[in-house]
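Below are the chains, spelled out letter by letter.
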Amino acid sequence: SGGNRMKVFNDRMRVAVQDRIAAEKLLREALDGDRRQTLPVWFQPIVSARTGEILGAETLVRMRTGDGRILGPGLFVPAAEETGLIVPLGEHVLIEALRHLVAWRDELRYISVNVSPRQLAEPDFVPLLAGLLAAAPELEPGRLVLEITETALLASTVDITERLETIKSLGVRIALDDFGTGYSSLTWLQSVPADIVKLDRSFVAGLATDAKKSSIIRAVLWLAQSMGMSAVAEGVEEASDVQALREVGCPLLQGYFFGKPMPPEQFAAGLQRSRMA
Ligand code: C2E
Ligand code: CA
Ligand code: CA
């Protein structure tokens, strides 16, 4: 049976490798194509817990394949990071996010963009960011938020804290993504110059009926507040989550309850409705 298990494992690995190679091939084709078509960016609303108004949006990339399917980032972002294709992909996402923020500047306060460790470590990243902001002088830089995960700290060979300080000196804000799921979240909080904490959805879903989750959320909110940071609860799916998050004073909410990631046209329509409400 040891031998059998080994064989199953090998088959699984082969499938994983084939998937990875297929993902890389699709990604190269998409990057060579009309990127607005092949790599559309979608937006998910981030709302005020108090008023329900849409204040921000998280940019989430998708891939449209030749046969018209839409693929989620879980299927190609890991391959992008491994191959370095995350650099051109990330540049495209940043350009698209800023283009939409310019279009929505009177209705939307901020837009956030996920930035992978590999992108952040790239020497050209800060010049790229500075160039894009200079090309959009009508936007205050603080209206762009970069979402970083803790793995950036662990995986990186460059001094990430220093890199983030440089980014902050441009006026861009930093959010700690998936907060609480890593191994050294408090170190992260201490060493990184962040503006926003994003509470991971594993602490958020079912919060109303789970005393431990509720304690963790309240403690993190208190920490964030006493460090002058804002907080977003991710993965808000149920009305009971909303109620519980309001009660503990979480300022910003994001999740399917308010809206799934959606194409820009649909997001713009929701933005109008949110403003009229
Ligand atoms: P993330 O940054 O944690 O993004 C949030 C993910 O949670 C999104 O999945 C979103 O659709 C999902 N989500 C939002 N609300 C809810 C909810 O109420 N319930 C549940 N169950 N899920 C919810 P998505 O779009 O599949 O993105 C997955 C991950 O891919 C992201 O996780 C992010 O790490 C990565 N990603 C997406 N776009 C980019 C990008 O442009 N660049 C980089 N580097 N990574 C990206
Ligand atoms: Ca994120
Ligand atoms: Ca997240």
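Residues numbered from 1 in each chain as written. Chains lettered and ligands numbered in written order. Predicted model: local features only at pLDDT ≥ 70, side-chain atom pairs only at ≥ 80, totals over all residues. Heavy atoms only, no water.

As annotated in an unreviewed UniProt entry, the chain is Bifunctional diguanylate cyclase/phosphodiesterase from Paractinoplanes rhizophilus.

Before going further, it helps to examine unusual backbone geometry. Although it is not a glycine, aspartate 178 sits at a positive phi angle of roughly 55 degrees. Among the structural elements, aspartate 178 can be located in strand β7 (residues 173-179). (Helix = DSSP H or I, 4+ residues; strand = E, 2+ residues; numbered from the N terminus.)

Here we come to the sheet that holds strand β6 (residues 144-148). Taken in spatial order, the 8 strands of this closed barrel run β1-β2-β5-β6-β7-β8-β9-β10, and their pairing is mixed. Across this sheet, the average inter-strand angle for adjacent strands is 30 degrees, counted without regard to direction. Examined bridge by bridge, strand β1 (residues 41-48) and strand β10 (residues 252-254) share 3 bridges and lie antiparallel to one another. Within the sheet, the bridge partner assigned to valine 47 lies in β10 and is leucine 253. Contacts between helix α4 (residues 86-103) and the sheet are confined to β1, β2 (54-61), β5 (110-114) and β6, with β5 contributing the most and set at about 170 degrees to the helix. (Pairing = 2+ DSSP bridges. Axes fitted to C-alpha atoms, helices over the stretch in contact; angles between N-to-C directions. Contact = heavy atoms within 4.5 Å.)

Between its first and last C-alpha, helix α13 (residues 264-276) extends 18 Å over 13 residues, near the 18 Å set by a 1.5 Å rise per residue. Tucked inside the fold, the buried residues of α13 contact β1, β2 and α4. (Expected span 1.5 Å × (residues − 1).)

Before going further, it helps to spend a moment on the coordination of the calcium ion (ligand 3). Coordination of the calcium ion (ligand 3) by the protein comes from Asp177 (OD), Asp178 (OD), Glu234 (OE) and Glu234 (OE), over a distance range of 2.2 to 2.5 Å. Sequence positions of the residues that donate to the calcium ion (ligand 3) give the spacing D-D-x55-E. The two metals, the calcium ion (ligand 3) and the calcium ion (ligand 2), are separated by 3.8 Å and share aspartate 177 as a common coordinating residue. A residue pair is termed long-range when its members are at least 10 positions apart, and aspartate 177 in strand β7 and glutamate 234 in the loop between β9 (230-233) and α12 (239-247) qualify at 57 residues. Across the pair, glutamate 234 and aspartate 177 agree in class, each one buried. (Donors = N, O, S within 2.8 Å, 3.2 Å for Na, K, Ca; no water. Buried < 20%, exposed > 50% of the residue type's maximum accessible area, 1.4 Å probe, protein only.)

A few words on the pairing of β2. Summarising burial for β2: 8 of the 8 residues are buried, a large majority. Bridge analysis of β1 against β2 gives 7 bridges, and the strand direction is antiparallel. Paired with valine 41 across the two strands is valine 61, which belongs to β2. Where β1 folds back onto β2 in an antiparallel hairpin, the turn is made up of 5 residues, including glycine 52, whose phi is positive at roughly 80 degrees. Pairing geometry for β2 and β5, over 4 bridges, is parallel. Within β5, the residue paired with glycine 56 across the bridge is tyrosine 110.

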